[in-house]
Amino acid sequence: MCTSACCISNIVSLSSFSSDNFQIGDVNKDIYYRDKNGFSNNDYLTLGVDQLPLFGGRTAVQCYEDFMLSFSTKFEAYIGNVIEEISVGLGPSGELRYPAHPSGDGRWKFPGIGEFQCHDKYMMEDLMAVASQEGKPQWGGRDPPDTGCYNSFPSGVPFFEEGNDSFLSDYGRFFLEWYSGKLICHADAILAKAADVLRRRQEEEKSSVMLVAKIGGIYWWYKTSSHPAELTAGYYNTALRDGYDPVASVLSRHGAALHIPCLDMADSETPEKYLCSPEGLRRQIYDVSKKWTLHVTGRNTSERFDKMGLRQIRENCVQPNGDTLRSFTFCRMTEKIFRVENWNNFVPFIRQMSADM
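Residues numbered from 1 in each chain as written. Predicted model: local features only at pLDDT ≥ 70, side-chain atom pairs only at ≥ 80, totals over all residues. Heavy atoms only, no water.

**Student:** Explanation requested: the side chain of Asp 143 in the structure shown.
**Tutor:** Secondary-structure assignment places Asp 143 in the loop between helix 3 (121-133) and helix 4 (170-205). Although Asp 143 lies buried, it forms no salt bridge, and the closest oppositely charged side chain, Lys 36, sits 6.2 Å away as judged by the N-O distance. Excluding residues that lie within four positions of it along the chain, Asp 143 makes contacts with Phe 116, Cys 118, His 119, Tyr 171 and Phe 175. (Helix = DSSP H or I, 4+ residues; strand = E, 2+ residues; numbered from the N terminus. Buried < 20%, exposed > 50% of the residue type's maximum accessible area, 1.4 Å probe, protein only. Lys, Arg positive; Asp, Glu negative; His and termini not counted. Salt bridge = Lys/Arg side-chain N within 4 Å of Asp/Glu carboxyl O. Contact = heavy atoms within 4.5 Å.)

**Student:** Mind showing me how you'd approach helix 3 here?
**Tutor:** Residue pairs three or four apart in sequence face the same way in an α-helix, which turns once every 3.6 residues. In this model, helix 3 (13 residues) spans 18 Å end to end at C-alpha, consistent with the 18 Å of a helix rising 1.5 Å per residue. Regarding helix 3, the residues found buried are Tyr 122, Met 123, Met 124, Leu 127 and Ala 131. Its side-chain oxygen at 3.1 Å from the backbone nitrogen of Tyr 122, Asp 120 defines the N-terminal cap of helix 3. Where helix 3 terminates, the next one or two residues include Gly 135, which has phi positive at roughly 80°. (Expected span 1.5 Å × (residues − 1). Polar contact = N/O pair within 3.5 Å; in protein donor to acceptor, adjacent residues only side chain to side chain.)

**Student:** Before we go on, may I ask you to explain the pairing of strand 5 (residues 40-45) in this structure?
**Tutor:** For a regular strand, the rule is simple: side chains alternate between the two faces of the sheet. When strand 4 (residues 32-34) meets strand 5, the two strands line up antiparallel, connected through three bridges. Bridging across to strand 5, Arg 34 finds its partner in Ser 40. The turn linking strand 4 back onto strand 5 is made up of five residues, and Gly 38 within it adopts a positive phi angle of 90°. (Pairing = 2+ DSSP bridges.)

**Student:** What am I meant to see in the environment of Asn 28 here?
**Tutor:** In this structure, Asn 28 sits in the loop between helix 1 (19-27) and strand 4. When its relative accessible area of 18% is taken as the criterion, Asn 28 is described as buried. Along the primary structure Asn 28 and Leu 54 are separated by 26 residues, whereas in three dimensions their C-alpha atoms are 9.6 Å apart. Here the side chain of Asn 28 touches Asp 30 through a polar contact of 3.1 Å, landing on its backbone nitrogen.

**Student:** Would you mind going over the pattern of salt bridges with me for this structure?
**Tutor:** For side chains bearing opposite charge, pairing can occur when the charged atoms are close. The full count for this structure, using the stated rule, is 17 salt bridges. Between Asp 105 and Arg 107 there is a salt bridge whose closest N-O contact spans 2.7 Å. For Arg 107, a relative accessible area of 15% gives the class buried. Its salt-bridge partner being Asp 170, residue Arg 173 comes within 2.6 Å of it at the nearest N-O pair. Separated by three residues within a single helix, Arg 173 and Asp 170 lie in helix 4, roughly one turn from each other. Residue classification places Asp 170 among the exposed positions, given a relative accessible area of 53%. Residues participating in the shared-partner salt-bridge network are Asp 35, Asp 105 and Arg 107.

Take a look at the structure:
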């Protein structure tokens, strides 16, 4: 469900992962992300195969483009009227990030810092090539040492502290630039294809629809210097560097809106000892969105039907400059919504949101 202006608007999610990819993946596990222990994650293809013709002679980006063309043809009659926004899947759960916090199989639990996901052979080959180009071939054979494990806390993990071999070292900066840069290049390539397909359709039909790109809401350990959970997810965001600015820059280039989670969350509701700040994360994202003149859309992260939670969503849908979000998607809509108390809270919430936005 999505409230936009004074109506219920429609958003579709465009994510391309066919059964053919699963068949290829049965033979070649390296088309998927892999962690340092060799565990793979088939939620999304590794960024290392974006430009490699491993899929019946086609690259991953070409496969994504084929899917987009097929989608635009199939839903031609609805684009621009029924379909007002198209969310382009850029990673696990549609979000532009690495699967650094895999909760589904039990490897990770909140508030673990996660692990870097670059151990498939294609990502490692790319890392080695880039390191050699930098004149530092010794930097290309591994990811950073001493990065802990999925459920580590940042204290006591050398890479996420401020020593000689930390994220502040020459090697640390090199690796994080490469790791986050691969994610930015991926977003650039996919959104370019999506924008081109959509542009052709809109020129033919004189219709208007907006592309949307999702990012993850990595709010735990946000108040530390290194922001470790964000670093493993691919956002090179620290106390000294704005990791969301290059993301916003790419979205601006392709006319895409930025979709953020955590609109139901407040700092006071998070465990203080884990140095969480969903509010700080939102403020930072709102600031870069304003800088790059991006539309912002969003969603809740948790299941909230209580009055306080719904009021919090309303308040968080208004940006510091007074602008409201372009649209809001209500997630976690289960059968609980039809319980009398929840329904009595939810109906006025929708009416208020429609009036606000």
